[in-house]
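# Architecture and fold: a report
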Amino acid sequence: MADSNQGQLKIWGRANSVNVQKVLWCLRELDLAYERIDAGMAFGRNREPDYLAMNPNGRVPTLVDGDFVLWESNSVMRYLVLEYGQGSPLYPQAPKRRTSVDRWLDWTLSTLQPVDRPVFWALVRTPVEKRDMVAIQKDVDAEAVVWGIVEAHLESRRFIEGDQFTIADIALGAYARRWLGVEGVTKPKLPNLDRWFAQFAARPGFAQFIAPPMT
């Protein structure tokens, strides 16, 4: 484990949150030590005054690094690489490559997350007897259109931005796990997405934080 952070990193958030998972995967890629504190949903705490003082949104994750506090998972990943992974290909230094990574981080939140959320909640966090499969399939079809953008983009690329694995792959990969993992609905074949996703299985951070059963 890297010890440049002197064990001061703390991550507030439950392990089954996709946004927490992204950060944990990034920490593993950087080989950084940290403490994770359960918060959110069944664990509560995220609406308590002390938590809201750190993160007024009451969401997870929240990063605490000494006296520095940061929320928004993609910003947390950027910070971790900039502060503790200088020179890491996870977040390229060249302006064109870095901003190309940034656009996918933004796109994940602006375009992908809104269509992923209803499908995931309906098929993973809603009891079978309460599921409206007709409505769910419509949501799946809408999400499939968005994943089609990634499919086309990966036609000539190994990873999201070329031959190097970056935090854009972490952000999209965490959501791809959800998309590929839900069952009982009709989804189109996306061979480029499947090929890209298969490369993550050997990465320890993916295996530890993303691959386990979804809850």
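For the structure, see preceding data.
So, here's what we can say about the structure. Values in this document were obtained by computation on a predicted structure and should not be read as measured data. (Residues numbered from 1 in each chain as written. Predicted model: local features only at pLDDT ≥ 70, side-chain atom pairs only at ≥ 80, totals over all residues. Heavy atoms only, no water.)

## What about the environment of Gln208?
Looking at the element boundaries, Gln208 is found in helix H8 (residues 204-210). Expressed as a C-alpha distance, the spacing of Gln208 and Leu24, which sit 184 residues apart in the sequence, is 9.1 Å. (Helix = DSSP H or I, 4+ residues; strand = E, 2+ residues; numbered from the N terminus.)

## Considering the pattern of salt bridges
A side chain with one charge may pair with a side chain of the opposite charge, provided their charged atoms come close. The tally for this structure, following the rule as stated, stands at seven salt bridges. We note a salt bridge from Asp38 to Arg36, for which the minimum N-O separation is 2.5 Å. Using a relative accessible area of 28% as the deciding quantity, one classes Asp38 as partly exposed. Each of Arg78, Asp102 and Asp106 takes part in one network of salt bridges that share partners. (Salt bridge = Lys/Arg side-chain N within 4 Å of Asp/Glu carboxyl O. Buried < 20%, exposed > 50% of the residue type's maximum accessible area, 1.4 Å probe, protein only.)

## Details of the packing of helix H1 (residues 18-30) against helix H6 (residues 167-181)
Close contact between H1 and H6 brings their axes to 9 Å; oriented N to C, the two are set at 135 degrees. Looking at the two axes, H1 sits oblique to H6. Both H1 and H6 take part in a crossing whose hand is right-handed. Contacts from Val18, Asn19, Lys22, Trp25, Cys26 and Glu29 of H1 reach H6 at Ile167, Asp169, Ile170, Ala171, Gly173, Ala174, Tyr175 and Arg178. By residue class, the composition of the contact of H1 with H6 is eight nonpolar, two polar and four charged. (Axes fitted to C-alpha atoms, helices over the stretch in contact; angles between N-to-C directions. Parallel < 35°, antiparallel > 145°, perpendicular 65-115°, else oblique. Left-handed = near helix turned anticlockwise from the far one by under 90°. Contact = heavy atoms within 4.5 Å. Nonpolar A, V, L, I, M, F, W, Y, C, P; charged D, E, K, R; others polar.)

By themselves, these figures tell us nothing about what the structure is for.
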